[in-house]
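# Residue-level structural notes
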Amino acid sequence: INLQVELPDGSRVTLEAPTDMGLSVMEVLKANELEVPAICGGMAICATCHVEVLQSGELPELGDDEAYMLETLPHATATSRLSCQLRVTPALDGLVVRLMPEA
Ligand code: FES
């Protein structure tokens, strides 16, 4: 699938993400050398993989840990997600996310 990422300067890049490897969006971002610290390595406890979803198909429900972390973030928006908790599936095709500042 394709996903687009809006960078801090407002430009967008399109990334290709395989759906058959069980990757998270965070792992795809990192694999493309984008600036995502992801300090906790995908455990939903650091929030440094925070993204704002600008456009999407069907997203998985917010997990409890994810929702809790997002509540602690000053920059969180109504469509904020932790990219490590978003599994790359065919349903995510066309996803557009904006990289967000760390907590
Ligand atoms: Fe730490 Fe996502 S990588 S919360």
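Residues numbered from 1 in each chain as written. Predicted model: local features only at pLDDT ≥ 70, side-chain atom pairs only at ≥ 80, totals over all residues.

As a further point, take the overall build of the chain. The number of helices and strands found in the chain is 2 helices and 5 strands. Listing each helix as α and each strand as β along the chain from the N terminus yields β-β-α-β-α-β-β. Its C-alpha atoms give the chain a radius of gyration of 12 Å, within 12% of the compact-globule value 13 Å for 103 residues. By sequence separation, contacts in the chain at least 24 residues apart represent 65% of the contacts at least 6 residues apart. (Helix = DSSP H or I, 4+ residues; strand = E, 2+ residues; numbered from the N terminus. Rg over C-alpha atoms; globule rule 2.2 N^0.38 Å. Contact = placed C-beta atoms within 7 Å.)

Before going further, it helps to examine the sheet that holds strand β5 (residues 95-99). Spatial ordering of the open sheet is given by β2-β1-β5-β3-β4, a layout of 5 strands whose pairing is mixed. A single partner strand is all that each edge strand has here, and the edge strands are β2 (12-16) and β4 (80-82). Put simply, the sheet's adjacent strands are angled 35 degrees from each other on average, direction ignored. Pairing geometry for strand β3 (residues 50-55) and β5, over 4 bridges, is antiparallel. Across the sheet, Gln55 pairs through a bridge with Val96, a residue of β5. (Pairing = 2+ DSSP bridges. Axes fitted to C-alpha atoms, helices over the stretch in contact; angles between N-to-C directions.)

Scored by pLDDT, the chain has a mean of 95; 98% of the residues are at 70 or more. Complex prediction metrics read pTM 0.95 and ipTM 0.99. (pLDDT = per-residue confidence, 0-100.)

Attention shifts here to the pairing of β5. Moving residue by residue along a regular strand, the side chains alternate between the two faces of the sheet. Here 4 bridges tie strand β1 (residues 2-6) to β5, and the two strands are oriented parallel to one another. Each residue of the ladder has a partner; that of Leu3, found in β5, is Leu95.

Attention now moves to the pairing of β2. Burial runs low along β2: only 0 of the 5 residues are buried. Judged from the 5 bridges that link them, β1 and β2 form a sheet pairing that is antiparallel. Within the sheet, the bridge partner assigned to Glu6 lies in β2 and is Arg12. The hairpin formed by β1 and β2 contains 5 residues between the paired strands, and Gly10 there has a positive phi angle of roughly 95 degrees. (Buried ≥ 20, exposed ≤ 12 C-beta atoms within 10 Å, placed from the backbone.)

A word on the nonpolar core. Leu3, Val25, Met26, Leu29, Cys49 and Leu82 are the most contacted members of the largest nonpolar core, which has 22 residues in total. Listing elements by their share of this core, those giving two or more residues are β1, α1 (25-31), α2 (64-71) and β5. A total of 4 residues in this core trace back to one element, the largest contributor, which is α1. Here Met26 is in contact with Val36, Ala38, Gly42, Cys49, Ser83 and Cys84, once residues within four sequence places are set aside. (Core = buried A, V, L, I, M, F, W, Y, C linked by C-beta atoms within 7 Å.)

Turning our attention to the environment of Leu54. Residue position: Leu54 is located in strand β3. Separated by 31 residues in the primary sequence, Leu54 and Gln85 have C-alpha atoms spaced 16 Å apart. Discounting residues that sit within four places of it in the chain, Leu54 has contacts with Glu6, Val96, Val97 and Arg98.

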